[in-house]
Amino acid sequence: MITVHHLNNSRSQRILWLLEELGLPYEIKRYQRDAKTMLAPPELRAVHPLGKSPVISDGELTLAESGAIVEYLASRYGNGNLIPKANTPEYLRYVYWMHFAEGSAMSPLLLKLVFDRIESGPMPFFIRPVARGIAQRAKNWIVLPNVERILNFLEAELGRSAWFAGAEFSAADVQMSFPLEISVVRAGLNESRPRLWAFLKTIHARPAYQRALEKGGKYDFVR
Ligand SMILES: N[C@@H](CCC(=O)N[C@@H](CS)C(=O)NCC(=O)O)C(=O)O
């Protein structure tokens, strides 16, 4: 039996979705973020030293890092369905997006979260203008231009094919779902990028996605 160590409002939601797409039985071990810090509880460190979610266990195997988990589940249990055939252009695109999601898309979104928090978080009044100034400069200098460029790029890429790797739905679409969902709540992604918007509406309507939402519990990143 596969166990998903599932943190509320987190990347582990897409693992539940993938497991539903694959029609695999699994159990969920739930962890709650600290309401104030939003960090994972220390119990997750007993599962994996970094204490982040997702982590899965499958028999003797314990595996962290959502890209690795998605790759493992799709290749081990997908019967060739969610990964394009090797040595095809689609396969290369699949590999690209599998890496892009965490390697490129998430970094500016995480920086945006950090600088937003610095701007609005509690601090002594005499430090506030300085902290705000630094946060705003960092956002204008590097964070917002990168988010903008990435979203424009993704919007253009979905003009090439219905799904990220090509004409067929693949595990790369599952991996790419999280940065796009986060972009809606954190970076103003909306109908003005119609292909990305339609992508999100389409994946959210999939029965497997809906089942994963029911099983995973509250997830604030579906708008
Ligand atoms: N690149 C890792 C990122 C893992 C990660 O940062 N997970 C977040 C949830 S979305 C987490 O556990 N945050 C809580 C914490 O850092 O304490 C992956 O894709 O699995």
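Scroll up to find the structure.
The following paragraphs examine the structure supplied in this document. Keep in mind the model is a prediction, meaning the values are calculated, not measured.

Along the protein chain, the regular secondary structure elements total seven helices and four strands. Projected onto the principal axes, the alpha-carbon positions of the protein chain cover approximately 60 × 40 × 30 Å. Counting only residues that meet the buried cut, the protein chain has 48% of its 223 residues in that class. Summarising the internal contacts of the protein chain: among those between residues at least 6 apart in sequence, 66% fall at separations of at least 24. Accessible area of the protein chain: about 11700 Å², with a carbon and sulfur share of 57%.

To continue, consider the pairing of strand β2 (residues 26-31). Bridge count between strand β1 (residues 2-7) and β2: six bridges; the pairing is parallel. Note on β2: the bridge partner recorded for His5 is Lys29.

This brings us to the site of the ligand. Not every one of the 13 residues close to the ligand is listed here, only the nearest: Ala40, Lys52, Ser53, Glu65 and Ser66. A distance of 2.5 Å separates an oxygen atom of the ligand from a polar side-chain atom of Lys52. Partitioning the shell around the ligand into residue classes produces four nonpolar, three polar and six charged.

It is worth spelling out the packing of helix α1 (residues 12-22) against helix α2 (residues 66-77) at this point. Between α1 and α2, the shortest axis-to-axis distance is 10 Å and the interhelical angle comes to 5°. The orientation of α1 relative to α2 falls into the category roughly parallel. Residues Arg14, Ile15, Leu18, Leu19 and Leu22 of α1 form the contact with α2, whose participating residues are Ser66, Ile69, Val70, Leu73, Ala74 and Tyr77.

Right, let's talk about the sheet that holds strand β3 (residues 55-58) for a bit. With respect to topology, four strands assemble into an open sheet ordered β2-β1-β3-β4, the strand pairing being mixed. Taken across any chain shown, the strands that pair with only one partner, and hence form the sheet edges, are β2 and β4 (61-64). Across the sheet, the mean angle from the axis of one strand to that of its neighbour is 20°, orientation sign disregarded. As judged from the four bridges shared by β3 and β4, these two strands associate in the antiparallel manner. What sits directly across from Ser57, in β4, is Thr62. Relative to the sheet, α2 contacts β1, β3 and β4, its axis offset from that of β4 by approximately 130°. Across the sheet, helix α7 (residues 207-216) touches β1 and β2, and the angle it forms with β2 is around 50°.

Counting buried residues in α1 gives 10 out of 11 residues, a clear majority hidden from the surface. All of the buried residues in α1 are Ser12, Gln13, Arg14, Ile15, Leu16, Trp17, Leu18, Leu19, Glu20 and Leu22. Phi for Gly23, located one or two positions after α1, is positive at around 65°.

For the rest of this paragraph, the subject is the packing of helix α4 (residues 128-157) against helix α5 (residues 171-187). It is the contact of α4 with α5, at a shortest axis distance of 12 Å, that shows an interaxial angle of 130°. Put simply, α4 runs oblique to α5. The two elements α4 and α5 cross, and the hand of that crossing is left-handed. Across the interface between the two elements, Val147, Leu151 and Leu154 from α4 touch Met176, Leu180, Ser183 and Ala187 from α5. Residue composition of the contact of α4 with α5, grouped by class: six nonpolar, one polar and no charged.

Okay, a nonpolar patch on the surface next. Residues Leu110, Val114 and Ile118 make up a contiguous nonpolar surface patch of roughly 230 Å² in combined accessible area. Mapped onto the fold, Ile118 is located in helix α3 (residues 89-120). Given the relative accessible area of 34%, Ile118 is considered partly exposed.

Rules behind the numbers
- Residues numbered from 1 in each chain as written.
- Predicted model: local features only at pLDDT ≥ 70, side-chain atom pairs only at ≥ 80, totals over all residues.
- Heavy atoms only, no water.
- Helix = DSSP H or I, 4+ residues; strand = E, 2+ residues; numbered from the N terminus.
- Buried < 20%, exposed > 50% of the residue type's maximum accessible area, 1.4 Å probe, protein only.
- Contact = heavy atoms within 4.5 Å.
- Areas by Shrake-Rupley, 256 points an atom, 1.4 Å probe, with all protein chains shown as cover.
- Pairing = 2+ DSSP bridges.
- Near = heavy atom within 4 Å.
- Polar contact = N/O pair within 3.5 Å; in protein donor to acceptor, adjacent residues only side chain to side chain.
- Nonpolar A, V, L, I, M, F, W, Y, C, P; charged D, E, K, R; others polar.
- Axes fitted to C-alpha atoms, helices over the stretch in contact; angles between N-to-C directions.
- Parallel < 35°, antiparallel > 145°, perpendicular 65-115°, else oblique.
- Left-handed = near helix turned anticlockwise from the far one by under 90°.
- Patch = residues over 30% accessible without salt bridge, like charges linked within 9 Å, V, L, I, M, F, W, Y side chains within 5 Å.
- Salt bridge = Lys/Arg side-chain N within 4 Å of Asp/Glu carboxyl O.

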